[in-house]
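# A structural walkthrough
In case you want the letters, here they are:
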Amino acid sequence: MSKPSYYMTTAITYPNGEPHIGHAYEYISADVMARFKRIDGYDVRFLTGTDEHGQKVQQTAEKEGITPYELATRNAQAIKTVDDEVLGISYDRFIRTTDEDHYEASQAIWRRMVDAGDIYLDTYAGWYSVRDERFFTEEETEVREDGERYAAETGTPVTWTEEESYFFRLSKYTQPLLDFYAANPDFAGPRSRFNEVIRFVEQGLEDLSISRTTFDWGVPVPKDLTEGETSLDHVMYVWVDALTNYLTGAGFPEVDSEAFGRRWPADLHIIGKDISRFHCIFWPAFLMSAGLDLPKRVMIHGFLHNAGEKMSKSVGNVVAPAAWTETYGLDAVRFFLLREFPYGQDGSYTHDAVVGRKNSDLANNLGNLAQRSLSMIVKNCEGAVPQLGELTEEDRAILAQAEELLEISRKAYEVQDFHHALERTWFVLGEANAYFAEMAPWQLKKTDLERMGTVLYVTAEVLRKVSLLAQPVMPTSATKLLDALGVPASGDAGATDASNEGPRSFAAFGEALEPGTPIDKPEPVFPRHEDPDEKAEA
RNA sequence: CGGGGGUUAGCUCAGUUGGUUAGAGCAGAGGACUCAUAAUCCUUGGGUCGCGGGUUCAAGUCCCGCACCCCCGACCA
């Protein structure tokens, strides 16, 4: 009775600076997805890490007088620390593209593409800007008054440069890709982003330069394949190596291994909208060429804007994840990011918006409902979950609404619609608050103790279901709630390597609270936000 | 320039295959209650659905034009 596999990844980060809240958005959302699947009975493998090769890393390292590997190690450690200590990311492996097995995997996929006849040696020529370290197309450049040619976008001088490069026959895959998209309409989401990709491919694809000779910080192109053609040392274009990390994490190139058979193809790649082309075009084409299965889904999330403005260093509105979690608390941040805006669209945050969610959704609607119902249980039910009497229509209605949340959430998570899952869950919480007020157990206390017990039971049971579903989003707080409700500990809220079985798994969703379970005097789980600035001003 | 998306109550947004008085949350106003984290519940929203035309018995919902905003237009992680 082995669990079904669920293999998912984030994009690997190019470690050229401190991670900001936008990075955190991707890690957190992926973490929520991973925890949900674990609690729902899947054998999850969640891969994240760093993309460490490339000219910029090499140059930065030279400037600092250290090796590229030393620099990459330092920066990778910074990212990993944020994952571990600030965001609580439950990855199964933090992969680095400098890992030994990744070199093997990258060279193995290269060989497969050569075997398929899809790699050939040629010359890459174009307008190159030394300062920007990139090529520009003819249209992207302009000749100015001084007679020199400049990049229009960045204003840096460009020179005509030709360099030897290996090319991948991407053009060959134009039609196969289009056929694949047509046959797999859910391959990428959201639909609007996927459409952009399709339109791009419909214009026809050109072959892709996939190696470099001007620097050496990268995965070497297998020497035995090149020695007959050139004396130059080629390293792989970073994207060939970077994308291949998803295969490395699955055990490639051991394609006959149990692990690879189980993990590949990946169930989900989570990425940002800036790299959709690499994941939706290049990556499937590489895999087709290598004779490997294609991932089942690529989910493209939006970007985070600070009060409607793009985050940028020059504007000075870049937010560090730690600054947020210190101000609002990690669980509130996680909840806000997933509840506030639809995944796949850009989102804009303000301090007031975060505080609003934290106070109204968490402290008031959820935290306070738990606090008031549990307090009554402690004071009026001998400190234990009360007996359940005969159910009224109102009882059945609110229980039924809570019951539906698991299926609603499963469907939503299947397409990474976290926003919708949480919206429905909090709608039911609103109904539960109305139910509680209408039943007025504090009145029943004087007239009908048995009925009061039933109302308190029903309320607590709704809270149990909501808390179970809240675990992936707010692991710490949901755990506290389940503790307070007397649900026996199990599963560790979807953490890496936790069993994720037992009364806190979704398998137990359809069960119910055990009458007689002792309940302690509750402590507020979601405190209201206290704004130090307002205090000072007041 | 070409292609795509958007423009709905103070704010953030839902609005199915066109059909009675255009919805939710938050904020605001009034009331209720007192179990609870001054939380909760009830009541309360006369917004030209960006602008101008058109199709239709009927359009936020389809068509055309215009304005503004955003996205994409190949090797930049």
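Residues numbered from 1 in each chain as written. Chains lettered and ligands numbered in written order. Predicted model: local features only at pLDDT ≥ 70, side-chain atom pairs only at ≥ 80, totals over all residues. Heavy atoms only, no water.

## Details of the overall build of chain A
Worth spelling out the cut-off: Counting from the N terminus, the helices are the DSSP runs of H or I reaching at least four residues and the strands are the DSSP runs of E reaching at least two. Buried, partly exposed and exposed residues are distinguished by accessible area as a fraction of the type maximum, computed with a 1.4 Å probe on protein chains only: under 20%, between the cut-offs, and over 50%, respectively. By the convention used here, residues are in contact when the closest approach between their heavy atoms is within 4.5 Å. Throughout, the Shrake-Rupley method with a 1.4 Å probe supplies accessible areas, and for residues the shown protein chains are the sole cover considered. Here the positive residues are Lys and Arg and the negative ones are Asp and Glu; neither His nor the chain ends is included. Lys charges are placed at NZ, Arg charges at CZ, Asp charges at CG and Glu charges at CD.
Secondary structure summary: chain A contains 19 helices and 17 strands in total. Scored against the burial criterion, the 538 residues of chain A give a buried share of 54%. Across chain A, every contact between residues at least 6 apart in sequence was considered, and the portion connecting residues at least 24 apart equals 76%. Of the accessible surface of chain A, which amounts to about 23500 Å², a share of 48% is contributed by carbon and sulfur atoms. Computing the positive centroid from 52 side-chain charges and the negative centroid from 88, chain A places the two 4 Å apart.

## Things to note about the sheet that holds strand β14 (residues 298–301)
Condition: We treat two strands as partners when DSSP finds at least two bridges between them. In this analysis an axis means a line fitted to C-alpha atoms, helices contributing only their contacting stretch, and an angle means the value between N-to-C directions, from 0 to 180 degrees.
A sheet is described by the order of its strands in space; here six strands give the open sequence β3-β2-β1-β13-β14-β9, paired in parallel fashion. Two strands bound the open sheet, and with one partner strand each, they are β3 (93–96) and β9 (188–189). Along the sheet, helix α8 (residues 238–248) makes contact with β1 (5–10), β2 (43–50), β3 and β13 (268–272), crossing β1 at roughly 160°.

## Some remarks on the pairing of β13
The buried fraction of β13 amounts to five of the five residues, a majority that puts the element mostly inside the structure. Of the two faces of β13, both are covered, the one formed by L268, I270 and G272 as well as the one formed by H269 and I271. Where β1 and β13 come together, three bridges link them in parallel fashion. Within β13, the residue paired with M8 across the bridge is L268.

## Some thoughts on the packing of helix α4 (residues 100–115) against helix α10 (residues 276–290)
Going by this rule: Note that the term roughly parallel is reserved for angles under 35 degrees, roughly antiparallel for angles over 145, roughly perpendicular for angles of 65 to 115, and oblique for everything else. Throughout, a crossing is termed right-handed when the near helix is turned clockwise from the far one, and left-handed when it is turned anticlockwise from it by less than a right angle. Lys, Arg, Asp and Glu make up the charged group, whereas Ala, Val, Leu, Ile, Met, Phe, Trp, Tyr, Cys and Pro make up the nonpolar group; the residues left over, Gly among them, are polar.
Interaxial distance between α4 and α10 falls to 8 Å at its minimum, and their mutual angle equals 70°. In this view, α4 runs roughly perpendicular relative to α10, as classed from their interaxial angle. For the crossing formed where α4 meets α10, the hand is left-handed. When α4 is examined against α10, the residues I109, R112 and M113 are found in contact with a partner set consisting of W283, F286, S289 and A290. Of the residues in the contact of α4 with α10, the class split is five nonpolar, one polar and one charged.

## Things to note about the sheet that holds strand β8 (residues 159–168)
The strand order across the open sheet built from four strands is β5-β4-β8-β10, with neighbouring strands paired in antiparallel fashion. Looking along the sheet, the strands with just one partner apiece sit at the ends: β5 (134–136) and β10 (208–209). The pairing of β8 with β10 spans two bridges and is antiparallel. Looking across to β10, one finds that F168 is bridged to L208.

## Points about the protein's contact with RNA strand B
Worth spelling out the cut-off: We call a residue near a molecule or strand as soon as one heavy atom of that residue lies within 4 Å of the molecule or strand. By the criterion applied in these results, polar contacts are pairs of N or O atoms within 3.5 Å in which, for protein atoms, one can donate a hydrogen and the other can accept it, and in which residues neighboring in sequence qualify only through two side-chain atoms.
Among the 43 residues in the neighbourhood of RNA strand B, the closest are listed as E206, Y237, W239, R277 and N368. Sugar and phosphate atoms constitute 66% of the interface atoms of RNA strand B, taking the interface as everything within 4 Å of the protein. One of the backbone N or O atoms of G204 is found 2.6 Å from a base nitrogen in RNA strand B. Separating a phosphate oxygen of RNA strand B from a side-chain N or O atom of R528 is a distance of 3.4 Å. Elements with a contribution of two residues or more to the surface near RNA strand B: β5, α6 (191–202), β10, α8, α13 (351–380), α15 (418–439) and α16 (441–447). Ranked by the residues each element gives to the surface near RNA strand B, the list is headed by α13, at ten residues. Split into classes, the residues belonging to the surface near RNA strand B amount to 19 nonpolar, twelve polar and twelve charged.

## Regarding the nonpolar core
Within soluble globular proteins, side chains that are nonpolar tend to cluster in buried spots. Condition: Take the buried Ala, Val, Leu, Ile, Met, Phe, Trp, Tyr and Cys residues and link them wherever side-chain atoms come within 4.5 Å; each set so joined is a nonpolar core.
In terms of nonpolar packing, the biggest core is built from 94 residues, with M8, W324 and L337 touching the most fellow members. If near-sequence neighbours (up to four positions away) are discounted, M8 is found in contact with A30, M33, A34, R45, F46, L47, L268 and I270. Counting 58 residues, the second largest nonpolar core, distinct from the first, contains A108, L177, W239 and A242.

## What to know about the pattern of salt bridges
Filter applied, for reference: For this document, the term salt bridge refers to a Lys or Arg side-chain nitrogen within 4 Å of an Asp or Glu carboxyl oxygen.
Enumeration over the complete set of coordinates arrives at 26 salt bridges. Here K3 makes a salt bridge to E501, at a shortest N to O gap of 3.9 Å. Residue K3 is found in the segment before β1, and its partner E501 is found in the loop between α18 (475–484) and α19 (532–537); the two are separated by 498 residues along the sequence. What makes K3 partly exposed here is its relative accessible area of 26%.

## Quick look at a positive patch on the surface
Counted only if it meets this: Patches draw on residues past 30% relative accessible area with no salt bridge. Two like charges within 9 Å are joined, as are two nonpolar side chains (Val, Leu, Ile, Met, Phe, Trp, Tyr) within 5 Å.
Residues K379, K445, K446 and K521 make up a contiguous surface patch of positive charge. Tracing the sequence through the fold places K445 in helix α16.

## Notes on helix α1 (residues 21–39)
The criterion, for reference: Take the residue count of a helix, subtract one, and multiply by 1.5 Å to get its expected span.
With 19 residues, α1 extends 26 Å from end C-alpha to end C-alpha; this agrees with the ideal 27 Å at 1.5 Å per step. Counting buried positions along α1 gives 18 out of 19 residues, so the element sits mostly inside the fold.

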